[in-house]
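# Structure assessment
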Amino acid sequence: MPPVAAKTTAAALAWKLLAAAMAEGVEHSRLLPFDLPEGAASAGLEARVPHEQLVALWEKVMRAVGDPGFPVRAGERSTPREYDAIGFACMTRATLGDALEQLVRFSRIWSNAGEWRVRHEPGTSALELYLADPHRLGERCGSESTMARLVTAGRFLTDSDLVPVAVRFRHPAPHDTSAHQRVFRAPIEWQASRTELVLTDAMLDLPLIKADPGLAAFFERHATEMLERFGEPVTVQHGVRRVVADELRRGVPSLEATAARLAMSGRTLRRRLADEGTTYQKVIDEVRCELARRYLRSDDLAVGAVAFLLGFSEPSTFHRAFKRWTGKTPLEFRAAAHPAA
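Residues numbered from 1 in each chain as written. Predicted model: local features only at pLDDT ≥ 70, side-chain atom pairs only at ≥ 80, totals over all residues. Heavy atoms only, no water.

### So, the overall build of the protein
Of the regular secondary structure elements, the protein holds 16 helices and 7 strands. Rg of the C-alpha trace for the protein: 21 Å, near the compact-globule value of 20 Å for 341 residues, within the 12% margin. In the protein, which comprises 341 residues, the proportion classed as buried is 50%. Look at the contacts in the protein between residues 6 or more apart in sequence, and 70% of them connect residues 24 or more apart. (Helix = DSSP H or I, 4+ residues; strand = E, 2+ residues; numbered from the N terminus. Rg over C-alpha atoms; globule rule 2.2 N^0.38 Å. Buried < 20%, exposed > 50% of the residue type's maximum accessible area, 1.4 Å probe, protein only. Contact = heavy atoms within 4.5 Å.)

Spelled out as structure tokens, the structure:
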């Protein structure tokens, strides 16, 4: 069975988050302990940290800042040139649409914990950020900051007052969205079916002020080499995990339904999973177990709610499955994740 690639993120993103927090008056000591690879501050996108580490840092920062507007303010502070080869590969392209295509292509250098998708409709295109666990605080903040970063970059690269058609998030709205309204200046939809940025075709055709075909080709080659070093190979398992995680709240999708989403027959999907050393049921169990662990580490959800989110019809069925996966009941796992002081 091929190894499952670890979810990692460029350590540079953690440094940028630390810098943004300290710019708002948060003392570095309040965010410790936080270990980064030696030399990570100057290593560009080369140094990596587990993605879970960045998510946990976001949660520490939010507790220290205490302001739901911080993620979008942090996003608008950044510029494309801060993101090494990816930033330059995007900003030297001819149009904003070309730049976003490069972003989708090379985003896994930045982080392989999420997945970017482009959805085209008449007159508009949506750039979607897919995360398996979009409701966790650290992931919510990261997605808000990323969307603010994209809108700000779009304005910078086109020297225009770019206003998206819509900005959508899968998670609920924070208690104060004034900073979000100021940064996006567009309709914001919360608890939407997707986390995405919607732009018109005319916006995508806007020329970039830093366009340079020669430099674009150079940085594309450089980014391609980086992608080969850091990119996670796309397997059929990866696609199945994405579909299953997306559908669990509505119940476990059948193998045939998942195969249709992946543009193949059920027989082909079963065979290709077997070639990768796994089965459809095993992938479902892995996705459920991973999400269950994440949900149970938070005190925000009752065990019954976790069972519902994972597509179990009864909490008792979830209890038995979780005990089989981990050797602990859900409550035992939660207690171990939050030991008494």
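### Observations regarding the pairing of strand β3 (residues 115-121)
Here 7 bridges tie β3 to strand β4 (residues 124-130), and the two strands are oriented antiparallel to one another. Along β4, the bridge assignment pairs V118 with L127. (Pairing = 2+ DSSP bridges.)

### Points about the nonpolar core
It is characteristic of soluble globular proteins that their nonpolar side chains tend to be buried jointly. Core analysis: the biggest nonpolar cluster contains 54 residues, and L31, F70, M147 and F184 have the highest contact counts within it. If you tally residues by element for this core, the top one is helix α5 (residues 96-110), at 7 residues. The contact partners of F184, leaving out residues within four places of it in the chain, are V72, E144, M147, A148, V151, R155, V163, P164, V167 and F169. Counting residues in hydrophobic clusters, the runner-up holds 33 residues, among them A259, V287, C289 and L309. (Core = buried A, V, L, I, M, F, W, Y, C linked by side-chain atoms within 4.5 Å.)

### Points about the pairing of strand β7 (residues 196-200)
Across the 5 residues that make up β7, a large majority, 4, are buried. Here strand β5 (residues 166-168) runs beside β7; their pairing, made up of 3 bridges, is antiparallel. Paired with A166 across the two strands is V198, which belongs to β7.

### Side note on helix α1 (residues 11-23)
Counted at 1.5 Å a residue, the expected span for α1 with its 13 residues is 18 Å, and the 19 Å between its end C-alpha atoms agrees. By the burial criterion, the buried members of α1 are A11, A12, L13, A14, L17, L18, A20 and A21. Residues of α1 that are buried make contact with β1 (8-10), β2 (48-50), α2 (51-65), α3 (70-77) and α5. Directly after α1, the chain includes G25, whose backbone phi takes a positive value near 95°. (Expected span 1.5 Å × (residues − 1).)

### Concerning the environment of D246
Relative to the helices and strands, D246 resides in helix α10 (residues 236-247). The exposure class assigned to D246 is buried, which follows from its relative accessible area of 18%. The spacing of D246 and S193 is 53 residues in sequence and 9.5 Å in space, taken between C-alpha atoms. Not counting residues up to four positions away in its chain, the partners in contact with D246 are Y130, R170 and R261.

### Quick word on the pattern of salt bridges
Scanning all chains against the criterion turns up 18 salt bridges. The closest approach of N and O atoms between E220 and R105, which form a salt bridge, is 2.4 Å. Remark: R105 occurs in helix α5 and E220 occurs in helix α9 (residues 213-230); sequence separation between them is 115 residues. For E220, a relative accessible area of 21% gives the class partly exposed. For R105, a relative accessible area of 38% corresponds to the partly exposed category. Residues joined in a network through salt bridges with shared partners are K7, R241, E286 and E290. (Salt bridge = Lys/Arg side-chain N within 4 Å of Asp/Glu carboxyl O.)

### Here's the deal with the packing of aromatic side chains
Tallying each qualifying case throughout the model produces 10 aromatic pairs. Ring geometry for F218 against F219: centres 5.1 Å apart, planes inclined by 75°, an arrangement best described as edge-to-face. For F218, a relative accessible area of 45% translates into the label partly exposed. Here the aromatic rings of F322 and W325 are separated by 6.5 Å at their centres, their planes lie at 70°, and the arrangement is edge-to-face. Here F322 pairs with W325, and both are found in helix α15 (residues 315-326), just 3 residues apart, close to one helical turn. In this pair, the class of F322 matches that of W325, namely buried. Lying over the aromatic face of F312, R288 brings its terminal NZ or CZ to 3.7 Å of the ring centre. (Phe/Tyr/Trp six-rings, centres within 6.5 Å; stacked < 30°, edge-to-face > 60°. Lys NZ or Arg CZ within 6 Å of the ring centre and 35° of its normal.)

### As for helix α6 (residues 137-158)
Here α6 contains 22 residues, and its C-alpha end-to-end distance of 32 Å stays within 8% of the 32 Å for a straight helix at 1.5 Å per residue. Of all the 22 residues making up α6, 19 are buried; the element is thus mostly covered by neighbouring parts of the structure. Note on α6: the residue one or two positions beyond its end, D159, has a positive phi of about 50°.

### Side note on the environment of L309
On the secondary structure map, L309 appears in helix α14 (residues 303-309). In this structure the C-alpha to C-alpha distance between L309 and G251, which are 58 residues apart in sequence, comes to 8.6 Å. Every residue in contact with L309, bar those within four places of it in the chain, is listed here: L248, R249, Y295 and L301.

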